[in-house]
Structure formats: C-alpha cells, structure tokens
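# Reading the structure
What follows is the residue order along each chain.
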Amino acid sequence: MPLNKLINSTHFRFAVALTTVFAAIYLVAGWIAFREVDAELQERISLGDVVAASGYAEIYHASGRTGLINAVRASTRPGGPDDEVVWLGTLSGEHLAGQDLLTPLALRSGDVNGAELTNDLDERYHIQVVDFDDVRLITGVSYEESDEILALVAQAFGGAALLTLLFAGLAGLFLARRGQSRIDAASVILDQAASGELTHRLPVSNAADDIDQVSIRINSALDQLQATMEGLRQVSADIAHDLRTPINRLSIHIEHLSEGVDPDSSFGQTLDLALAEVRQIAATFDALLRIAQIEAGAGKQRFQPIRLADAVQGLFEIYAAVAEENGQTLQLSLTGDIAAEFRGDRDLVVQLTANLVENAIRHSGADAVIDMETFSELDAVGLRVRDNGPGIPADEHARVLKRFHRLDKSRHTPGSGLGLALVSAVAELHGATLTLSDAQPGLTVEIRFPRLRQ
C-alpha cells in the first residue's frame, strides 16, 4: 500500500490521534509520579540531616564541648566533603573539627549548592545549622544519591514510554493497514460494479464490525442492481426481437414495392426516401442497443490481449479507398512499440476506430487529410485520429460525446449523433481515457488504453 495513501486514510489518522492522546496522558502521569518521587526523596534527605544534627546535640548535652569535638572528628571522612558534611567551630569562625567550609558563618539551614560549601560545583546539599552556646555545628547531606535515583526513574520511565508508544504505533499502523485494505477491497468491487461486473461481492468477516455491516448493505445493493441490470438486458433483448423484425420486414416490403415503380417518378422517389429513413431507423436502433449493452458491461467476458497496430491496419486498408473516393487522404503512422498490448474486446475496438475514421471522413470536407496514428508509452497504448477539417468548438467537446448531440453545421448530413457516444462507451468499458482537442485546424481525438505489463 502506498505510504501517502496510508497516511491519508481515516484509520491511520485515528491511530495517530489515539497514540497522541495516550502519549499525552502517559507523559502527564509520568510527570506527576516523578514529582512525587522527587518530593519524597528530598523529604528523606532533609529528615536524615535533622536526625544527624539531633544526634550531635544529644552528645553535646551529655559530654559537653569536648565530647562533641571528639564525635565530629570521629565521623569526619578524610578527603573533604562527600555525601555528608560536618563542621564544628566557634561563633567567631574558629574551626574546631570536621571538614573545612568556605563561609560557615554565612550559611543557613536549607538547600545549598556545593560551591557555597567548598569548590564542589556539581553537588547539592541540605544543611542544618545548630548553635550550642558559643559553638556552631553544621551538618549536611548530599542530594547525589537521590538525584541518581531520579535519573534512573526518568530513564526507566522514558524507556518504557518509548517502548509503549512504539508498540502502540505499530499496533495502530497494523490496524490502519488492515482497515484500509478492507476499504481498498471494497473500492475494487465497487469499481468493478461501475464498469459492469456485478457478480463480485465484498468480503464479510466474522467480526461483525461496522465495516462488515456496510459491506452487507453494499452486497445487498449490488444484488438488487444485478437483478435490475439483468432485467434491463432482458427488456433490451425483447425489444430487439420484437422491433427489429418488423422494421426489417418494412424495409423489405418497401424494396419490393419500389421494384415495380418508376424510380424517376415522384412515388418512386418517395419510396426511396422512405427506405432510407427505415434503414436509418434500423441503424439508430442498433446503435442505441449496442451502446446500452456496452454500458452494461457486455463484452468484458471476451477481453483478451490486443495489439492496437494490428487492429488499426486492417481498417486503414478499407477506409483509405473510401477517403480517396471522397477526394480525401487517409494516412497511417505506427509509432512506438507496435507489439505493445492491452486487454480488450477486439470487435469493439475495431468499431471504435471505424467510428472515428467515419466521422472524420464525413465531417472534415473535401481535400482533407486524415491521420491515423498508434503510439505506446510506459503505461498506455494509444490511438490518435486527426483531421484538418472545420473541427469542433472547444465548448462542444463534452457534449458531442452524448447521445444524439449533433452540431448545427452537421444536421444536414446523414447520421444520428451516436458515433462518438459509442466511442465514449467503448473507451469507458476498457478503462481508457478519451480526449478531444483542437488540431488547428481540425479535430484530434486521442484514446489511451491501459498497457499490459510484459
């Protein structure tokens, strides 16, 4: 499945939205948990410092100044401040025991940076300042251990969040692809139905979800549509059987009647006109029936690989003589890969080409040059019919593809206005693109059939 199609799908956007909401909730919950752990660790640090200071106070009250000095000296670690700090001195600043501090008399109980105690810039401490008569005791506990615990908590939470979001994203992507594949399958079935293939149905799983419910309803609609189309085909067949025969009989009767009449008489001329009108009615009826059958998808069962160059060459040999009789020139160019193929109904493609050439011969006028050209591209096999006649105004290009639409200047010429309508129906049946453009002068009709991959 193309990435851009997946990104634009509703399932993918829903998965992204759900993952984003989940991530936001996860981050808020993590931030709250982090703050709670941080507060708990700080409280434990400060409480531990208070307990240490209280222990020294008990020693002072029990053993006096000398006992306190000995206790501080015994607890002091060599090498300067580390996890714990103890300083004992007089209120005048004389150092009696413990570590050396930069400004002991300026310190107050609470949190301080290591730079305020010594030159240790990376540490934070909680200190407790207690005065005993003429001496001052400063105790401190480092936040290093609590900071390490917080860092581990943050790393663990971050790793868990990334893994959770990764798995949530992958699960969302999987569900999005699965849902989009079901929608794509439905789109294929609907496209086939639009092109006349009404026998296919959407798959229905055992999940009984909303897509299954929609699939069931679409299948029901396709069942009804198939029944309706089959009824229309039956009606068309009945009309063909009931009307074509009397029309042909009428034509035969007129022909027999005209055999015993002077063709130069007014009655003979009237019979000739009547015969021409009956034949035109029969031709129009056949064309309408043919277009209806094509639009209903008839002919797809006869699809096979076709070489456009082969189909066009036979028609060129037939219509070159017709064009010459009209004082026109018909030319054929086989360009590109003449072995390129597409899937289609050969008879319908021949009919399409014949209609285009006949329209060009009929409407381009005397001395016109009509070019037939086949070409091939990476993904298309094309036919181009160009003439240098009066052409068709640009605002009429879409209208001339409709049934019975004829330009004012063409109404005096024979025809029913169904030639290009049939061309349009055949092109749509084959999934081809039909384009009309100004040849300056004249008209260019171009049809591109989907090319078969070799």
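As a starting point, this report considers the structure included with it. Since the structure is predicted, the reported quantities are computational estimates derived from the model, not experimental observations. (Residues numbered from 1 in each chain as written. Predicted model: local features only at pLDDT ≥ 70, side-chain atom pairs only at ≥ 80, totals over all residues. Heavy atoms only, no water.)

What follows is about the overall build of the chain. The helix and strand inventory of the chain stands at nine helices and twelve strands. Residue burial in the chain is summarised as follows: out of 454 residues, 36% are buried. Considering only intrachain contacts with a sequence separation of at least 6, the fraction spanning at least 24 residues in the chain is 61%. When the accessible surface of the chain is summed, it comes to about 25,900 Å², and 56% of that surface belongs to carbon and sulfur atoms. (Helix = DSSP H or I, 4+ residues; strand = E, 2+ residues; numbered from the N terminus. Buried < 20%, exposed > 50% of the residue type's maximum accessible area, 1.4 Å probe, protein only. Contact = heavy atoms within 4.5 Å. Areas by Shrake-Rupley, 256 points an atom, 1.4 Å probe, with all protein chains shown as cover.)

Attention now goes to helix α8 (residues 346-363). With 18 residues, α8 ought to run about 26 Å at 1.5 Å a step, and its terminal C-alpha atoms sit 26 Å apart, in line with that. What α8 keeps buried is the set Leu348, Val349, Leu352, Thr353, Ala354, Asn355, Leu356, Val357, Asn359, Ala360 and Ile361. Where α8 starts, the residue carrying a side-chain oxygen 3.0 Å from the main-chain nitrogen of Asp347 turns out to be Asp345. Residue Gly365 follows α8 closely and has a positive phi angle near 90 degrees. (Expected span 1.5 Å × (residues − 1). Polar contact = N/O pair within 3.5 Å; in protein donor to acceptor, adjacent residues only side chain to side chain.)

What follows concerns the nonpolar core. Counting residues in hydrophobic clusters, the biggest one holds 37 residues, and the most contacted among them are Leu308 and Leu356. Elements supplying a minimum of two residues to this core: α7 (308-325), α8, β9 (369-376), β10 (380-387), α9 (419-429) and β12 (443-450). Here the element with the most residues in this core is α8; it accounts for eight residues. Beyond its immediate stretch of four places on either side in the chain, Leu356 contacts Leu383, Val385, Leu420, Val423, Val445 and Ile447. Counting residues in each nonpolar core, the second largest holds 14 residues, with Tyr56, Ala57, Ala71 and Leu137 among its members. (Core = buried A, V, L, I, M, F, W, Y, C linked by side-chain atoms within 4.5 Å.)

Before going further, it helps to examine the sheet that holds strand β4 (residues 124-132). Pairing in this open sheet of five strands is antiparallel, and the strands run β2-β1-β5-β4-β3 from one edge to the other. With one partner strand each, in any of the chains shown, β2 (95-98) and β3 (110-113) form the two edges of the open sheet. Taken pair by pair, the neighbouring strands of this sheet meet at an average axis angle of 25 degrees, ignoring direction. For β4 and strand β5 (residues 135-142), the ladder comprises eight bridges, and the chain directions are antiparallel. Counted as the bridge partner of His126 is Val141 from β5. (Pairing = 2+ DSSP bridges. Axes fitted to C-alpha atoms, helices over the stretch in contact; angles between N-to-C directions.)

Take the sheet that holds β10 next. The strands that make up a sheet pair up through hydrogen bonds in the backbone, lying either parallel or antiparallel. With mixed pairing, the five strands of this open sheet are ordered in space as β7-β9-β10-β12-β11. In the strand order of this sheet, the two ends are held by β7 (329-334) and β11 (433-438), each with one partner. If you compare each strand with its neighbour and ignore which way they point, the axes differ by 15 degrees on average. The pairing of β10 with β12 spans seven bridges and is classified as antiparallel. Looking at the pairing, Gly382 lines up with Arg448 of β12. Against the sheet, α7 engages β7, β9, β10 and β12, with an angle of about 165 degrees to β7. Each of β7, β9, β10 and β12 touches α8; the most contacted strand, β10, lies at about 20 degrees to it.

It is generally the case that most residues other than glycine have a negative phi and that most peptide bonds are trans. Residue Pro441 follows Gln440 across a cis peptide bond; omega there is 0 degrees. With respect to the secondary-structure elements, Pro441 resides in the loop between β11 and β12. Positive phi outside glycine occurs at Asp367, with the angle close to 65 degrees. With respect to the helices and strands, the residue Asp367 is situated in the loop between α8 and β9. Of note, Gln440 is a non-glycine position whose phi angle comes to about 50 degrees, a positive value. We classify Gln440 as exposed; its relative accessible area is 68%.

Now for the packing of α7 against α8. In a pair of packed helices, the angle between the axes and the distance between the axes together describe the arrangement. One way to put it is that α7 packs onto α8 with a least axis distance of 10 Å and a crossing angle of 35 degrees. Both α7 and α8 take part in a crossing whose hand is right-handed. Between α7 and α8, the contacting residues are Leu308, Asp310, Ala311, Val312, Leu315, Tyr319, Val322 and Ala323 on the first element and Arg346, Val349, Val350, Thr353, Ala354, Val357, Glu358 and Ile361 on the second. Looking at the contact of α7 with α8, its residues break down into twelve nonpolar, one polar and three charged. (Left-handed = near helix turned anticlockwise from the far one by under 90°. Nonpolar A, V, L, I, M, F, W, Y, C, P; charged D, E, K, R; others polar.)

On the surface, Asp83, Glu84, Glu145 and Glu148 cluster together into a negatively charged patch. Residue placement: Glu145 occurs in helix α4 (residues 144-194). Classification of Glu145 by relative accessible area gives exposed; the value is 58%. (Patch = residues over 30% accessible without salt bridge, like charges linked within 9 Å, V, L, I, M, F, W, Y side chains within 5 Å. Salt bridge = Lys/Arg side-chain N within 4 Å of Asp/Glu carboxyl O. Lys, Arg positive; Asp, Glu negative; His and termini not counted. Charge placed at Lys NZ, Arg CZ, Asp CG, Glu CD.)

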